[in-house]
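Close look at the chain arrangement
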Amino acid sequence: MKRLLTSCFGLGLLPVAPGTWGSLPSMLIFALLVSMGISNNYLLLVMLVLALAGSIVCVGFAPAAIARTGKNDPGEVVADEFAGQAVTFIGIATITPSQMCVAAALGFLLFRLFDIVKPWPIRKLEALPGGWGILADDLLAGVYAAIIFQACALGGLIAFLSGWI
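For the structure given in this document, a descriptive report is provided here. (Residues numbered from 1 in each chain as written. Predicted model: local features only at pLDDT ≥ 70, side-chain atom pairs only at ≥ 80, totals over all residues. Heavy atoms only, no water.)

1. What to know about helix α5 (residues 100-117)
Worth spelling out the cut-off: Secondary structure elements follow DSSP: runs of H or I of four or more residues count as helices, runs of E of two or more count as strands, with numbering from the N terminus. One less than the residue count of a helix, multiplied by 1.5 Å, gives the span that helix is expected to have. Buried means the residue's accessible area, taken with a 1.4 Å probe over protein chains only, is under 20% of the maximum for its type, while exposed means over 50%, and partly exposed covers the values in between. Contact criterion: two residues are considered in contact whenever any of their non-hydrogen atoms come within 4.5 Å of each other.
The end-to-end C-alpha separation of α5 is 26 Å, in line with the 26 Å expected for 18 residues at 1.5 Å each. Inspection of α5 places Met 100, Val 102, Ala 103, Ala 104, Leu 106, Gly 107, Phe 108, Leu 110, Phe 111, Arg 112, Phe 114 and Asp 115 among the buried residues, and these make up the whole buried set. Packing partners of the buried residues in α5 comprise α2 (18-35), α4 (79-88), α6 (122-125), α7 (130-154) and α8 (157-162). Looking one or two residues past α5, Lys 118 carries a phi angle of roughly 55 degrees, positive in sign.

Below, the structure written as structure tokens:
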């Protein structure tokens, strides 16, 4: 059960880019809720719950994966990406259903960029022990992505790009 949860129901076990696969569920839930016209308050609540759930799973169950694989950050553990991607969509500016595709894609790409590049001090957080080291860098990547995402939304970039689709 621990492996099932930390791998996001097997997404982390996929052979190529498991972190990218692990980010998809949060982004897809965001896109679905926006397309349904859900209020920003409800969207905020759902993203907070997803981030919290992914965080609890990662900190609680990732140590078993570390012990089993001998790696400090096993690729199969993607609950951290699930949580970090949800953080990206917390506190967003108003996104309309017509902007959903651009907003979801932008938030997804921003999170993956910060998660892969790991600008300061994201990489330093990987040194934290156990599941905390796996999780903390992704949460901060989500915060960085959220800041840029929010600036794009408030600055009109998402609305502008949505007009081209």
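2. What to know about the packing of α4 against α7
Note the threshold: Fitted lines through C-alpha atoms give the axes, limited to the stretch in contact for helices. The angle between two N-to-C directions lies from 0 to 180 degrees. What sets the label is the angle itself: under 35 degrees gives roughly parallel, over 145 gives roughly antiparallel, 65 to 115 gives roughly perpendicular, and the rest give oblique. Each crossing gets its handedness from the near helix: less than a right angle anticlockwise from the far helix is left-handed, clockwise is right-handed. Polar here means any residue other than Ala, Val, Leu, Ile, Met, Phe, Trp, Tyr, Cys and Pro, which are nonpolar, and Asp, Glu, Lys and Arg, which are charged; Gly is therefore polar.
Between α4 and α7, the least distance of the axes is 7 Å, while the angle of their chain directions is 25 degrees. Considering the angle they form, α4 stands roughly parallel to α7. Considering how the two elements wind past one another, α4 and α7 form a crossing that is right-handed. Listed contacts from α7 to Asp 80, Glu 81, Ala 83, Gly 84, Val 87 and Thr 88 of α4 are Ile 134, Leu 135, Asp 138, Leu 139, Gly 142, Val 143, Ala 145, Ala 146 and Phe 149. Looking at side-chain class alone, the contact of α4 with α7 contains nine nonpolar, three polar and three charged residues.

3. Some remarks on the side chain of Lys 118
Stated formally: As used in this structure description, the phrase polar contact means that two N or O atoms lie within 3.5 Å; if the pair is within protein, one of them must be able to donate a hydrogen and the other to accept it, and residues adjacent in sequence are counted only when both atoms belong to side chains.
The topology assignment puts Lys 118 in the loop between α5 and α6. Assessed through its relative accessible area of 13%, Lys 118 is described here as buried. Only 2.7 Å separates the side chain of Lys 118 from the side chain of Asp 137, close enough to count as a polar contact. Here Lys 118 is in contact with Leu 113, Arg 123, Glu 126 and Asp 137, once residues within four sequence places are set aside.

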